[in-house]
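Given next are the chains, with one letter for each unit.
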Amino acid sequence: MTIRVLLADDQALLRSAFKVLVDSEPDMEVVGEAADGAQAVAFARSERPDVVLMDIRMPGTDGLAATRLITADPELSDVRIVMLTTFEVDEYVVQSLRAGASGFLGKGAEPEELLGAIRIAHAGEALLSPAATKGLIATFLAQGAGAATVDGGGARTERLAALTAREREVLVLVGGGLSNDEIAERLDVSPLTVKTHVNRTMAKLGARDRAQLVVTAYESGLVRPRVE
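About the criteria used
- Residues numbered from 1 in each chain as written.
- Predicted model: local features only at pLDDT ≥ 70, side-chain atom pairs only at ≥ 80, totals over all residues.
- Heavy atoms only, no water.
- Helix = DSSP H or I, 4+ residues; strand = E, 2+ residues; numbered from the N terminus.
- Buried < 20%, exposed > 50% of the residue type's maximum accessible area, 1.4 Å probe, protein only.
- Contact = heavy atoms within 4.5 Å.
- Areas by Shrake-Rupley, 256 points an atom, 1.4 Å probe, with all protein chains shown as cover.
- Pairing = 2+ DSSP bridges.
- Axes fitted to C-alpha atoms, helices over the stretch in contact; angles between N-to-C directions.
- Salt bridge = Lys/Arg side-chain N within 4 Å of Asp/Glu carboxyl O.
- Polar contact = N/O pair within 3.5 Å; in protein donor to acceptor, adjacent residues only side chain to side chain.
- Parallel < 35°, antiparallel > 145°, perpendicular 65-115°, else oblique.
- Left-handed = near helix turned anticlockwise from the far one by under 90°.
- Nonpolar A, V, L, I, M, F, W, Y, C, P; charged D, E, K, R; others polar.

Right, let's get into the overall build of the chain. Scanning the chain for helices and strands turns up eleven helices and five strands. The burial tally for the chain puts 48% of its 228 residues in the buried class. For the chain, the proportion of contacts with a sequence separation of at least 24, taken over those separated by at least 6, is 68%. Accessible surface, the chain as shown: approximately 10,800 Å² in total, 52% of it carbon and sulfur.

What follows is the structure, given as structure tokens:
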């Protein structure tokens with residue numbers, strides 16, 4: 001299966017470099033290029049890419065607004081978005097994840113990291129490196145873990161109540177940045193069993209992917225950032 005990729009960045013030179021890199025892979029192809037968020041949304045609707053590499057800061061409609069528009073469209077529910085940032089810990093990263101992005105990657109990442117990010121996002125996994133997760137936790141610590149719980153707080157509480165004890169336990173571990181294999185070792189179960197719990201938890205919470213579980217774990221207060 002070929003992974004269809006949309007590039008959204010206002011820097012033409014960077015888009016060209018990404019295009020050469022992506023098109024060099026036998027399992028990937030660039031299906032469109034956008035110079036701003038509005039173009040990214042239009043291309044997403046017309047080309048239906050599997051993954052969008054989305055720059056957060058663009059003129060006009062920025063990457064954050066574009067992400068919200070794409071993830072809010074039921075017809076684009078299968079589109080995965082990887083946010084590109086100048087620095088891995090960006091002021092808009094948490095907002096991006098809340099908006100539905102699958103994760104984020106620094107623009108200084110190595111080529112193999114970028115290609116790996118596309119494949120991870122396409123597989124429905126969360127693209128949150130250890131450094132990125134640490135930055136995410138630090139941001140929640142600065143903003144207050146429950147800062148975004150006012151709107152829809154009741155609905156979130158109801159959804160959490162629908163989780164089994166095991167699913168809540170898995171959610172906490174996902175929020176802590178553990179992989180399925182690490183969670184399996186911690187709980188002494190198989191990785192396949194963990195995957196089943198993760199998928200059921202995502203379905204009950206209405207989460208697009210694993211990244212949304214991380215956000216929910218912090219916003220709900222199930223996971224608390226620890227001050228180092």
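The subject of this paragraph is the pairing of strand E5 (residues 103-106). Side chains Gly103 and Leu105 of E5 all project onto a buried face; the interleaved residues Phe104 and Gly106 project onto the opposite face, where all are buried too. Taken together, the four bridges between strand E4 (residues 80-85) and E5 define a ladder with parallel strand orientation. Counted as the bridge partner of Thr85 is Gly106 from E5.

If you trace the five strands from one edge of the open sheet to the other, you get E2-E1-E3-E4-E5, paired in parallel fashion. On the outer flanks of this sheet lie strand E2 (28-34) and E5, each paired with one strand and no other. Taking each pair of neighbouring strands and ignoring which way they run, the sheet shows an average axis angle of 25°. Each of strand E3 (51-55) and E4 touches helix H3 (residues 63-71); the most contacted strand, E4, lies at about 175° to it. Helix-sheet contacts for helix H5 (residues 111-122) involve strand E1 (3-8), E2, E3, E4 and E5, and the interaxial angle to E3 is about 125°.

It is worth spelling out the pattern of salt bridges at this point. For the structure on display, the rule yields twelve salt bridges. For the salt bridge of Arg15 with Glu33, the shortest nitrogen-to-oxygen distance reads 3.2 Å. In this pair, Arg15 sits in helix H1 (residues 12-23) while Glu33 sits in strand E2, placing the two residues 18 residues apart along the sequence. A salt bridge links Asp55 to Lys107; the shortest N-O distance between them is 3.2 Å. Pair noted here: Asp55 is in strand E3 and Lys107 is in the loop between E5 and H5, with a separation of 52 residues, a long-range link. Taking relative accessible area as the criterion, Asp55 reaches 4% and is therefore assigned buried. Each of Arg4, Glu29 and Glu47 takes part in salt bridges that share partners, so that together they form one network.

Our next topic: the side chain of Thr67. Secondary-structure assignment places Thr67 in helix H3. Setting aside its immediate chain neighbours within four residues, Thr67 contacts Met54, Ile81, Met83, Ser96, Ala99, Gly100 and Ala101.

This part is about unusual backbone geometry. One non-glycine residue with positive phi stands out, namely Arg48, at about 50°. Of note, Arg48 is situated in the loop between helix H2 (37-47) and E3. Of note, Asp188 is a non-glycine position whose phi angle comes to about 60°, a positive value. Take Asp188: it is sitting in the loop between helix H9 (180-187) and helix H10 (191-205).

Relative to the helices and strands, Gly176 is located in the loop between helix H8 (165-175) and H9. Along the sequence, Gly176 and Tyr218 sit 42 residues apart, while their C-alpha atoms lie 9.3 Å from each other.

For Arg166, the position within the fold is in helix H8. Judged by its relative accessible area of 30%, Arg166 is partly exposed. As a C-alpha pair, Arg166 and Thr201 span 35 residues in sequence and 9.8 Å in three-dimensional space. With residues near it in sequence (within four places) discarded, Arg166 still touches Leu187 and His197. A polar atom in the side chain of Arg166 sits 3.0 Å from the side chain of Glu169.

Attention shifts here to the packing of H8 against H9. At a closest axis distance of 10 Å, the pairing of H8 and H9 adopts a crossing angle of 130°. Judged by the inter-axis angle, H8 sits oblique to H9. Crossing angle aside, the handedness with which H8 passes H9 is right-handed. Two secondary-structure elements touch here, H8 through Arg166, Glu169, Val170, Leu173 and Val174 and H9 through Ile183, Arg186 and Leu187. Per-class residue counts for the contact of H8 with H9 are five nonpolar, no polar and three charged.

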